[in-house]
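Summary of structural features
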Amino acid sequence: MNIALWVVQALLALVYLGAGGMKVARPREQLVATGRFDWMKDTSDAGVKAVGAVEVLGALGLILPELTGIAPILTPIAAVGLVVVQVGAIRVHLTRGERQPLPANVILLLLAAFVAVGRFLG
């Protein structure tokens, strides 16, 4: 079980570091221009940066506490935070009538929930 948790944690960390890092590093207008982030049209620059920062911090929280043994309780808490991020993302996409991103949001939510439950119980 521990190996499965580490694999999922690493996968989620890579996804959220990439997605969050992109939101933090790139201008919102550039991201909107790709056509893959329509939700950003109705979100401020600061809002997009905040979402990106939360994703990056969540990714770090999935790995570092458990890896270092320093406050490992933060790992499942970070996973719960990422579940909340996905609940928010699903809500935004449903409100906007955007169905295409929903399967990925649900998968990320379920993986983060797996880590949260596994690390809280483990």
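We now turn to the structure provided with this report. (Residues numbered from 1 in each chain as written. Predicted model: local features only at pLDDT ≥ 70, side-chain atom pairs only at ≥ 80, totals over all residues. Heavy atoms only, no water.)

Turning our eyes to something else, we now look at the pattern of salt bridges. For the structure on display, the rule yields 7 salt bridges. Linking Arg 28 and Asp 45 is a salt bridge whose minimum nitrogen-to-oxygen distance equals 2.6 Å. A residue pair is termed long-range when its members are at least 10 positions apart, and Arg 28 in helix 2 (residues 28-33) and Asp 45 in helix 3 (residues 45-68) qualify at 17 residues. With a closest N to O distance of 2.6 Å, Arg 96 and Glu 98 form a salt bridge. Assessed through its relative accessible area of 31%, Arg 96 is described here as partly exposed. On the basis of relative accessible area, Glu 98 is assigned to the buried category, the value being 15%. Each of the salt bridges in this network shares a partner with another, and the network as a whole consists of Arg 28, Glu 29 and Asp 45. (Salt bridge = Lys/Arg side-chain N within 4 Å of Asp/Glu carboxyl O. Helix = DSSP H or I, 4+ residues; strand = E, 2+ residues; numbered from the N terminus. Buried < 20%, exposed > 50% of the residue type's maximum accessible area, 1.4 Å probe, protein only.)

For the rest of this paragraph, the subject is the side chain of Lys 23. By the element assignment, Lys 23 lies in helix 1 (residues 2-25). Using a relative accessible area of 6% as the deciding quantity, one classes Lys 23 as buried. Looking at Lys 23, its side chain comes within polar contact range of the side chain of Glu 55, at 2.8 Å. Apart from the residues within four sequence positions on either side, Lys 23 is in contact with Leu 31, Trp 39, Met 40, Val 48, Lys 49, Val 51, Gly 52 and Glu 55. (Polar contact = N/O pair within 3.5 Å; in protein donor to acceptor, adjacent residues only side chain to side chain. Contact = heavy atoms within 4.5 Å.)

A few words on unusual backbone geometry. The phi dihedral of Ala 71 is positive, around 50 degrees, even though this residue is not glycine. Among the structural elements, Ala 71 can be located in the loop between helix 3 and helix 4 (74-96). In this structure Ala 71 comes out as partly exposed when scored by relative accessible area, which is 35%.

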